[in-house]
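Topology and contacts: notes
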Amino acid sequence: ILSIVIYNTLLNSGCSQLVKISTTALILTSCVIGPYVYSDVMEFHRPAVRFMMCLPHFVIFFKTLEAFFGFTPAGAKSSFWIFHVYFSNAVELEFDEKTIEPVKSTWSDVFQSARDVIFNIGFNSILTSFMSAHGFKPFGLCHAG
């Protein structure tokens, strides 16, 4: 929903500066206050869950600033659908400078990313297991609800 609002207001040259500023202020305020409200209403007490609730808001916050200040890539502004995909992904999309189309990833890129994810999960699991034997409690588990 926010991508529709941003595409039609911040990226639309026909909108006034007042509309752009007020839209940006409203979205940024909701990104800052939203995670606190959600955490209290849904009664999330675990720090890990609260942290995960904040991540999408950070992405929205920075992508909104990017659109407001005019740093959205030209390829992302080429169509609404591409902007929607660009806005909703935390992963940065690459665009070809000549065709202004998204660059498709190769299979070697996909396998390298999957290998990196598996390695990081394994490394963090081993590290957390080793540290838990020495009294480490991830995310302050002793204080969690």
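Please refer to the structure higher up on the page.
Just so we're clear, the structure is a prediction, and the values are computed from it rather than from any experiment.

Here we come to the side chain of serine 39. Among the structural elements, serine 39 can be located in helix 2 (residues 17-41). According to the relative accessible area criterion, serine 39 is buried, its value standing at 3%. The contacts of serine 39, once residues within four sequence positions are left out, are Phe44 and Arg50.

Okay, the pattern of salt bridges next. Overall, the coordinates contain 1 salt bridge when judged by the stated rule. When the shortest N-O distance is used, the salt bridge between arginine 115 and aspartate 116 registers 3.6 Å. Note on aspartate 116: relative accessible area 34%, which makes it partly exposed.

It is the contact of helix 2 with helix 3 (residues 47-68), at a shortest axis distance of 9 Å, that shows an interaxial angle of 175°. With respect to helix 3, the axis of helix 2 lies roughly antiparallel.

In this structure, Ile6, Leu10, Ile27, Cys31, Ile60, Ala67, Ala76, Ile82, Phe83, Tyr86, Phe87 and Phe95 together form the largest nonpolar core, which totals 12 residues. At the level of elements, helix 2, helix 3 and helix 4 (80-88) are the ones that each hand at least two residues to this core. Broken down by element, this core gets its largest block of residues, 4 residues, from helix 4. With residues up to four places along the chain from it excluded, the contact list for isoleucine 6 reads Leu11, Ile27, Thr64, Ala67, Phe83 and Phe87.

Here we come to the side chain of threonine 24. Along the polypeptide, threonine 24 turns up in helix 2. Judged by relative accessible area, which is 5%, threonine 24 ranks as buried. Discounting chain neighbours no more than four positions away, the residues touching threonine 24 are Leu10, Thr64 and Phe68.

What counts and what doesn't
Residues numbered from 1 in each chain as written. Predicted model: local features only at pLDDT ≥ 70, side-chain atom pairs only at ≥ 80, totals over all residues. Heavy atoms only, no water. Helix = DSSP H or I, 4+ residues; strand = E, 2+ residues; numbered from the N terminus. Buried < 20%, exposed > 50% of the residue type's maximum accessible area, 1.4 Å probe, protein only. Contact = heavy atoms within 4.5 Å. Salt bridge = Lys/Arg side-chain N within 4 Å of Asp/Glu carboxyl O. Axes fitted to C-alpha atoms, helices over the stretch in contact; angles between N-to-C directions. Parallel < 35°, antiparallel > 145°, perpendicular 65-115°, else oblique. Core = buried A, V, L, I, M, F, W, Y, C linked by side-chain atoms within 4.5 Å.

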